[in-house]
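# Working through the structure, step by step
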Amino acid sequence: MKYTVRWVASCVYKPNMSIVPHSHDFYQYLYVKKGSGELQTNEKRLPLEIGKIYVLPPFIQHSIDSFDEGMTTYELKFHANRENDTALSEIPVIIDLSGTHAESVFKGMFNETANMHPMYKEMLSLKLEELHLCMTRAAELDESKKKTSSYSQTFSEVIYYMERNYASEISLKTLADIAHMEKIYFLKKFKAEVGTTPVNYLRRLRINQSKNLLINSDFNVTQIAEAVGFQSIHHF
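Residues numbered from 1 in each chain as written. Predicted model: local features only at pLDDT ≥ 70, side-chain atom pairs only at ≥ 80, totals over all residues. Heavy atoms only, no water.

This next bit is on the packing of helix α4 (residues 153-165) against helix α7 (residues 198-216). Packing of α4 against α7 leaves a shortest axis separation of 10 Å and a crossing angle of 40°. Here α4 is positioned oblique relative to α7, judged by the angle of their axes. Between α4 and α7 lies a crossing whose hand is right-handed. Contact residues: α4 offers I159, M162 and E163, while α7 offers P198, Y201, L202 and L205. Looking at the contact of α4 with α7 residue by residue, the class counts come to 6 nonpolar, no polar and 1 charged. (Axes fitted to C-alpha atoms, helices over the stretch in contact; angles between N-to-C directions. Helix = DSSP H or I, 4+ residues; strand = E, 2+ residues; numbered from the N terminus. Parallel < 35°, antiparallel > 145°, perpendicular 65-115°, else oblique. Left-handed = near helix turned anticlockwise from the far one by under 90°. Contact = heavy atoms within 4.5 Å. Nonpolar A, V, L, I, M, F, W, Y, C, P; charged D, E, K, R; others polar.)

On to unusual backbone geometry, then. Within the chain, F59 stands out as a residue other than glycine whose phi angle is a positive 65°. Considering the arrangement of structural elements, one finds F59 in the loop between β5 (52-56) and β6 (62-80). Despite not being glycine, M119 shows a phi value in the positive range, around 70°. You can see M119 is positioned in the loop between α2 (102-115) and α3 (120-148).

Time to look at a nonpolar patch on the surface. Taken together, the side chains of L214, I215 and V221 make up a nonpolar region of the molecular surface, amounting to roughly 230 Å² of accessible area. Following the sequence through the fold, I215 ends up in helix α7. What makes I215 partly exposed here is its relative accessible area of 32%. (Patch = residues over 30% accessible without salt bridge, like charges linked within 9 Å, V, L, I, M, F, W, Y side chains within 5 Å. Areas by Shrake-Rupley, 256 points an atom, 1.4 Å probe, with all protein chains shown as cover. Salt bridge = Lys/Arg side-chain N within 4 Å of Asp/Glu carboxyl O. Buried < 20%, exposed > 50% of the residue type's maximum accessible area, 1.4 Å probe, protein only.)

A word on the nonpolar core. Ranked by size, the top nonpolar core spans 26 residues in total, and within it Y29, L76, F78 and L131 carry the most contacts. Mapped by element, the contributors of at least two residues to this core are β1 (3-13), β3 (27-41), β5, β6, α2 and α3. Of all the elements, α3 adds the most residues to this core, at 6 residues. (Core = buried A, V, L, I, M, F, W, Y, C linked by side-chain atoms within 4.5 Å.)

To continue, consider the environment of R206. Structurally, R206 can be placed in helix α7. Measuring from C-alpha to C-alpha, the distance between R206 and Y27 comes to 30 Å, with 179 residues separating the pair along the chain. Residues contacting R206, with those up to four places away along its chain left out, are Y166, S168, E169, V228, G229 and F230.

This brings us to the packing of aromatic side chains. Across all of its chains, the model carries 9 aromatic pairs by this definition. Their ring planes at 90° and their centres at 5.7 Å tell us that Y3 and F78 sit as a pair that is edge-to-face. With a gap of 75 residues between them, Y3 in strand β1 and F78 in strand β6 connect regions that are remote in the sequence. On the numbers, 5.8 Å between centres and 70° between planes, the contact of F155 with F190 is edge-to-face. Of this pair, F155 sits in helix α4 while F190 sits in helix α6 (residues 183-194); the two residues are 35 residues apart in sequence, bridging distant segments of the chain. On the basis of relative accessibility, which here comes to 0%, the residue F190 falls in the buried class. When the ring centre of Y74 is taken as origin, the NZ or CZ atom of K33, which lies over that ring, is 4.2 Å away. Above the plane of the ring of W7 lies K77, whose end atom (NZ or CZ) is 4.4 Å from the centre. (Phe/Tyr/Trp six-rings, centres within 6.5 Å; stacked < 30°, edge-to-face > 60°. Lys NZ or Arg CZ within 6 Å of the ring centre and 35° of its normal.)

Okay, here's the thing in structure tokens:
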């Protein structure tokens, strides 16, 4: 298994409760369900906010404080094998999971731990994979919003369409129609504003998604090529 889950629980922090500074040799994820607080690490103080997940790698000293209303969290502790340590190091420290089904994944993991049905350890590992996919998707969507906000309204809409439909065949005419431009003029304006051609931008999207699938899935290369929109394994 890629991961060994040590512990998963729903934790209730009383108002103005403090957890003293400590560290451990495993990963800890903290997801805020209710209330608010503050997480302090060696480097910074971070507000704990509803709907966000906080990633604590091994050996990072940290403390936790709840505010006046108290705080309820889902918390997960696990070990990763050496291969997956590298992938986890690229995950942002804070990810906004509001509007995703991450909380239901945590509930599922909590139930597996509580019931300990046959194969529960394997189920925990699979659910953690699902959680990581939720986290990767949320982080990419956030990065996408930051990128498109620097473009004009017209090209923000074009890029938004490309980033939602990269797995499908996308024609230049479709993109030009979204921008309400003639194709040659669209190509010129796109390159001037985005810094590359639509074909290169689309190729980069597909390659980046391929990297995520290579790290976070068990798909083979042919399956990944098809999933991200390459017409053949040779193109991939």
